[in-house]
Amino acid sequence: MSDEPRSLEQLLADWRGDAQVLRRRGHDREAEQMERSAEAVTRAAEDYLRWLSEDEALLRSGRSRGWLRSQFPEWERAGHTRREGRKRWYRMLVIPQRANPLAARAAGRRAAFEATPS
């Protein structure tokens, strides 16, 4: 085992690989527990593990392409963006989510209705 830190993606892949080895050796219960743990971590860390294309990031954030690209170098240093050829990818974690005005309006109406004396 190396002292080099592994990425979360690599750690999860290693756990899944270890589970396959355990299963081949007849340790089904241990393999299932390892797979359940990997799946639970994957679900809990979805915002970190999921990568958005630049177009998806634009839709999610409601920001301009220029704003996204101005953030890219800083996020790249932190490991939250990457390039594949000319395409830019962003971890969902760093992309602000545009407010949903319809949901906010509905929540405001509900709160006003609940505060109204009967």
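Structure: see above.
Presented here is an overview of the structure given in this document.

How each quantity is defined
- Residues numbered from 1 in each chain as written.
- Predicted model: local features only at pLDDT ≥ 70, side-chain atom pairs only at ≥ 80, totals over all residues.
- Heavy atoms only, no water.
- Pairing = 2+ DSSP bridges.
- Helix = DSSP H or I, 4+ residues; strand = E, 2+ residues; numbered from the N terminus.
- Axes fitted to C-alpha atoms, helices over the stretch in contact; angles between N-to-C directions.
- Contact = heavy atoms within 4.5 Å.
- Core = buried A, V, L, I, M, F, W, Y, C linked by side-chain atoms within 4.5 Å.
- Buried < 20%, exposed > 50% of the residue type's maximum accessible area, 1.4 Å probe, protein only.
- Phe/Tyr/Trp six-rings, centres within 6.5 Å; stacked < 30°, edge-to-face > 60°.
- Lys NZ or Arg CZ within 6 Å of the ring centre and 35° of its normal.

1. Overview of the sheet that holds strand E3 (residues 87-91)
- Read across the sheet, 3 strands follow the order E1-E3-E2 without closing on themselves; strand pairing throughout is antiparallel. Each having just a single partner strand, strand E1 (51-53) and strand E2 (81-84) make up the two edges of the open sheet. Between one strand axis and the next, the sheet turns by 30 degrees as a mean value, whatever way the strands run.
- In the sheet, E2 pairs with E3 via 4 bridges, with the strands oriented antiparallel. Note on E3: the bridge partner recorded for Glu84 is Lys87.
- Relative to the sheet, helix H4 (residues 54-61) contacts E1 and E3, its axis offset from that of E1 by approximately 95 degrees.

2. Observations concerning the nonpolar core
- Listed in full, the 10 residues of the largest apolar core are Leu52, Ala57, Leu58, Leu68, Phe72, Trp75, Tyr90, Met92, Val94 and Ile95.
- Counting only elements with at least two residues in this core, the list comes to H4 and helix H5 (65-77).
- For this core, the element with the most residues is H5, which contributes 3 residues.
- Ignoring anything within four residues of it in the chain, the contact list for Leu58 reads Arg63, Ser64, Arg65, Leu68 and Arg98.

3. Topic: the packing of aromatic side chains
- Throughout the structure, instances matching the rule amount to 3 aromatic pairs.
- With a centroid separation of 5.9 Å and an interplanar angle of 75 degrees, the aromatic rings of Trp67 and Trp75 are classed as edge-to-face.
- Residue class for Trp67 comes out partly exposed when judged on its relative accessible area of 24%.
- When its relative accessible area of 12% is taken as the criterion, Trp75 is described as buried.
- Pairing Trp75 with Tyr90 gives two aromatic rings, centres 6.2 Å apart and planes at 90 degrees, and the pair type is edge-to-face. With Trp75 in helix H5 and Tyr90 in strand E3, this residue pair connects regions lying 15 residues apart in the sequence.
- Feature note: the residues Trp67, Phe72, Trp75 and Tyr90 constitute an aromatic cluster, connected by ring pairs.
- The ring of Trp51 has Arg82 sitting right over it, with the charged end atom 4.2 Å from the ring centre.
- Against the face of Phe72 rests Arg88, its NZ or CZ located 4.9 Å from the ring centre.

4. Focus: the environment of Pro96
- The residue Pro96 is located in the loop between E3 and helix H6 (101-115) in this model.
- For Pro96 and Phe113, which are 17 residues apart along the polypeptide, the C-alpha to C-alpha distance reads 30 Å.
- When residues no more than four places from it in sequence are discounted, the contact partners of Pro96 are Arg60, Ser61, Arg63 and Trp67.

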